[in-house]
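Breakdown of the fold
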Amino acid sequence: MVTDNKKSGRRSGKARGRLLPLVFIGPHLILFSVFVLFPILYGLVISFTKWDLIGTPEWVGLANYKEILFNMESTYHKDFVAGLKNTVMFVALNVPVSILVPLGFALLLHIKAKGSKVFQSVYYLPTLFSISAVGIMWMQMLNKRFGLVSIFGIKKALTITNPWMWIMLIIMSVWWTMGTNMVIYQAALGGVSKDLYESAALDGASGFQKIRYIALPSIRFQLLYTLVITVAGSFNVYGQPLMLTQQGTGGAPKITVLIMTITNLAFGSGQSIAGMASAMAVILGVFILVVSLIQFRLTTKED
Amino acid sequence: MRRRERVMKAMVSLWTGIVAIIWIVPVVWAFFTSFKTETEIKTKGFGFLPKEWTFENYINILGNTDNAPIIRWFGNSMVISVTVTVLAVILVSLTAYGYSRLDFKYRDTLFYMLMGISLFPNIINIIPLYQMMTWLKWVNTNMAMIVPGLGAVTNIFLVRQFSLSIPREFDEAAKIDGAGEFAVFFRIILPMLKPVLTVVALFSFTGSWNDFLWPTIVFNDVEKMPLTAGLKLLNGAYGGFQLGPILAAACIAIFPTFVLYLFAQKYFLQSMSLSSGIKG
Amino acid sequence: MMRKKIGKAGLSLCMAAMLAAGALTGCGGSAEEEAQTPENAAAEDMTEGAAEDVTEAASGDEIEFWNFFTGPDGDNMKVLVDGFNATNPAYRIKNVTMASGDLYTKIPTVVNSGEGIPDLTIVDVARIPMFYEQGLLESMASVMENAPEVKKENYNALVWDTGTFDGEQYAVPLDMGVIGVAYNKDLVEQYAPGVLDDNLITIDEIKEIIPKASADGIVTVPVSFFGYEQALALAKQEGGDLFKDENTPNINSPEFTKAVQTLKDIVDLGGCSEEGEENLQLFMAGEAIFCPDGVWDANALNAIEGLNWGITNSLCYNTDTFYNFSNSNQFVMLKNDKRSDEKEKVIADFLEYVRVNALEWARSGQVPASSAADDEAEYAAMNQHFFVSAPEMEESIRFNNYKYSGYANDAIGKVFGDILFGHTDLEEGLAQAQKQAEDNIAQNQ
């Protein structure tokens, strides 16, 4: 990096100014283009074809998209709509909980009351398990015949009946993922100046006011991050409903989300229908992209 | 005032403590159940403490060194995850600095684009990615585990957001004193980003440690696999109904990441108390 | 306002396209500059180290053998592989085990890139016709030339035929994963004495048992577990197959509709477990008399102390005809120019070794396809030996091996539970599955 600096020093200041950002963002930009962008473009091309992942792809233009979006009779249209419905439902339920619950815990831990260090590691712990282990734990907790809930006399099949399956799905998701957002909020809150709290305390501000007027505004950039990532992550949900809402071992999950539909098309037990799967993935991707851009627009406008 | 604060702190302790106890129930169950016999798990109904302690599940996993060289997997995972963590922290801090504190045309638009694109579902991606690995001759090597993930954007986004919340006055003051862009990066911004970079290190390490679809695709060689991919082999398709070994494997797998978390927590609580007072 | 937003999104998409173009053309040049940063220097060192590894692994003195025997059955396969390697073959067998889902995902990835294609692979019988049509499979003719005892006469004839296409063999079967009905001997004595005398459980018998059992809170037969295979067996008794011909699914046929209705009747009468229960666990805990299950679960069931169990034929309408549907793990060679004749010779020796040592594989719980162990006492004492104990059992075994079986299985799997438990109308559900299978097949025409 030192040699880089010298080299550019010989050039005119203006050129140097223009090239400087490349030194910082260039390496990643290349890695991104090769390992992220290229595979996505490849998927985009596949979405215009009929392909079983083995033979030669056959170009079909927009046929896959037409089938998914406009052919009401088609299995792919129905599956897409059903998957999207459940996915959007999951996003709507999971995002607020996955933002507010860890935020609340981060604020409580920020007070540094007795035991907070131990408790925060407990809250973080579930994040470290794989989703299959998490699924097994929760299936066993919620099993009405053999599980924890049986002790409390619960006789409902909690993981396959409405509305319980949704409630349990969200609880399990939050339990599993909360640590991530919590750690981020903790790091963000740790950076807020103590002086601010102290001067607010002198002005007689209540705890709630300190949160509303000092803590939250100070961590707004981090809040935006967690919001965007949690929304996108929720759109890509797959493991949680698959593991939790199966109708017994090997049965089809009660809550089918879009990623399941896509995975089954591409890597199901029949011949792969990769073109259709890719087209669904692209549509979902565009959906996520638009939602993310709206979030960026709405939140950055305030600044 | 003091008294009120003490009462409040006690209430917070109590409340966070109760939640923590509820929170850990499934984990405690999993831990104890990994010491139960299969017969007890399947036939004795729900319970926490084993009626009869057995180390059979652990012996089965750790002792099966031919089919499942778990110590070897452990080492492989360590090499991969440590390398990923070091490279990611360097790359992420550099890139995030570029997208937050340098001024160039379309900076934010470019960044939002990268971010948006990277959120696309990546199910089909393994086909072209594997293709690239064969071109690069990276199949069955750690490179396949380390490099592609460095193209990710989320951690850059995270650090960028932290960097954006550091007031501009810091760099400007330093620049007036004649500091160059690299000096500002290394001496001013990087130290302030330490807490979030610890978080990035934690996320990178656990993310790489827990990744399991990709490693099973790029590794054919059981000897070269990382731990989670290897342990997945133990949850067989046909023998998958044995809960004891699966839970024992899960407990083994999270052990290193949990230790790392404890270190990270200690370090970042420390570095946070050092850096507090920045934002205003 | 609205237009503006679209404008920005449009701009973003343009940027993406530009980026893409840049990435595709500008890659090579910038990569060199890259090497100067510390992380890339480190990465380069690692590439070198890695490259050495590759040459070591690719020296080609091994036969790479992919399989998905990750459970206890993995130990049995390992005994076979180690035993064979101990005979000092020209090439050693390298046993590469992975989860079955991963194996099927890996096949297209390696086939596409042409690199890393295994020499020998285990796949399920349901995939074989599809793989054959896709041109993935190498003929086994050379193997059979080198190992003359690997021939139909030494295997169960029905399973052998699943690998025959146009008179040529493309797969050699390892085993049959027969799905029958497991029974709890103690509970049978208590609630259904004499029912198993003819080795057949008829639907009428089940209906008689249900009131007695459910009075005690005992489940008679959880047909939501491997119930699909029971339905296939029932439909087959009435002459109904899953496909009319290669390209025409027959899911909403009268025979299959009746079969599912029969199972639904059992549910409605209270003979099945409630929705969402862990049925095998129920059976293990001694709370179910019968449980449809595959023979491969034998070791898991044997691990439960005090569980006194056996396995018998699938449910039937009457004692005239009965069928048992089955999976089958089969050896195939995926097409690969790099597989030498010498390697095929060793593969032949290995398949012969596996054929002769069928008993070892029987210990995994499966029914070996080779009949070499049929008369061994140790095998005869195993529960799954039931399916080779008499000619009528051996002839009752059927395979769901149509070219598009996978589509039909997935489509039915999606609605099956909902139909049984009354969330979806029977006829509507099967019509939907039929339509899905048709749509999927149409994608390949």
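Residues numbered from 1 in each chain as written. Chains lettered and ligands numbered in written order. Predicted model: local features only at pLDDT ≥ 70, side-chain atom pairs only at ≥ 80, totals over all residues.

Along the backbone of chain B there are 14 helices and zero strands. Moving toward the C terminus, one meets the helices and strands of chain B in the order α-α-α-α-α-α-α-α-α-α-α-α-α-α. For 280 residues, the compact-globule formula gives about 19 Å, and the C-alpha radius of gyration of chain B, at 23 Å, lies well above that figure. Taking the principal axes of the C-alpha coordinates as reference, chain B spans close to 75 × 70 × 30 Å. Residue pairs at least 24 apart in sequence account for 74% of intrachain contacts in chain B once pairs closer than 6 positions are excluded. (Helix = DSSP H or I, 4+ residues; strand = E, 2+ residues; numbered from the N terminus. Rg over C-alpha atoms; globule rule 2.2 N^0.38 Å. Contact = placed C-beta atoms within 7 Å.)

This next bit is on the overall build of chain A. A count of helical and extended segments in chain A gives 14 helices and two strands. Scaling as 2.2 N^0.38, a compact globule of 303 residues should have a C-alpha radius of gyration of about 19 Å, whereas chain A reaches 24 Å, well beyond that. By principal-axis analysis of the C-alpha atoms, chain A measures approximately 70 × 65 × 35 Å. In chain A, which comprises 303 residues, the proportion classed as buried is 52%. Taking contacts inside chain A between residues at least 6 apart in sequence as the whole, the part at least 24 apart equals 64%. (Buried ≥ 20, exposed ≤ 12 C-beta atoms within 10 Å, placed from the backbone.)

Counting 174 residues, the largest nonpolar core has A277 and M280 of chain A together with V159, V200 and A250 of chain B as the members making the most contacts within it. Both domains that furnish three or more residues to this core are identified here as domain 1 (2-46) and domain 2 (65-301) of chain A. Dropping the residues within four chain positions of it, A250 of chain B is found in contact with F129, S130 and A133 of chain A together with A30 of chain B. Within the second largest apolar cluster, 133 residues are counted, among which are I63, M98, Y155 and L420 of chain C. (Core = buried A, V, L, I, M, F, W, Y, C linked by C-beta atoms within 7 Å. Domains from an automatic or database assignment.)

This next bit is on the interface of chain A and chain B. In this assembly, 83 residues from chain A lie in contact with 79 residues from chain B. Here the element with the most residues in the side of chain A that touches chain B is helix 2 (residues 13-46) of chain A; it accounts for 18 residues.

Across its 13 residues, helix 4 (residues 73-85) of chain C extends 18 Å between first and last C-alpha, which sits within 8% of the 18 Å expected from 1.5 Å per residue. Of the surrounding elements, those touching the buried residues of helix 4 of chain C are strand 1 (62-67), strand 2 (92-97), helix 15 (341-356) and helix 16 (358-362) of chain C. (Expected span 1.5 Å × (residues − 1).)

Residues and elements named next belong to chain C. The strand order across the open sheet built from five strands is 2-1-3-13-6, with neighbouring strands paired in mixed fashion. The sheet terminates laterally at strand 2 and strand 6 (172-173), the two strands that pair on one side only. The pairing of strand 1 with strand 2 spans six bridges and is parallel. Residue pairing across strands places E64 opposite K94, the latter belonging to strand 2. Of the strands in this sheet, strand 1, strand 2, strand 3 (120-124), strand 6 and strand 13 (329-332) touch helix 15, which is tilted by about 50° from strand 1. (Pairing = 2+ DSSP bridges. Axes fitted to C-alpha atoms, helices over the stretch in contact; angles between N-to-C directions.)

This part covers helix 13 (residues 258-267) of chain A. Spacing of three or four residues puts side chains on the same side of an α-helix, whose turn is 3.6 residues. Most of helix 13 of chain A sits out of view: nine of its ten residues are buried. Among the residues making up helix 13 of chain A, those that are buried are L258, I259, M260, T261, I262, T263, N264, L265 and A266 of chain A.

This next bit is on the confidence of the model for chain B. Residues and elements named next belong to chain B. For chain B, mean pLDDT is 84; residues scoring 70 or higher make up 90% of the total. Here helix 13 (residues 227-234) stands out as the element of chain B with the lowest mean pLDDT, 73, in contrast to helix 8 (residues 154-164), whose mean of 93 is the highest. Note that residues 276-280 has pLDDT below 50 and, in this model, 20 contacts with residues that lie over four places away or in other chains. Both scores are given for the predicted complex: the pTM is 0.87, the ipTM 0.87. (pLDDT = per-residue confidence, 0-100.)

A separate point is unusual backbone geometry. Here N162 of chain A and P163 of chain A are connected by a cis peptide whose omega angle stands at -5°. Its location among the elements puts P163 of chain A in the loop between helix 7 (148-151) and helix 8 (164-190). Phi at N88 of chain C takes a positive value of approximately 55°, unusual for a residue other than glycine. Relative to the helices and strands, N88 of chain C is located in the loop between helix 4 and strand 2. Residue N88 of chain C is classed as exposed on the basis of its 7 C-beta neighbours within 10 Å. One non-glycine residue with positive phi stands out, namely D166 of chain C, at about 50°.

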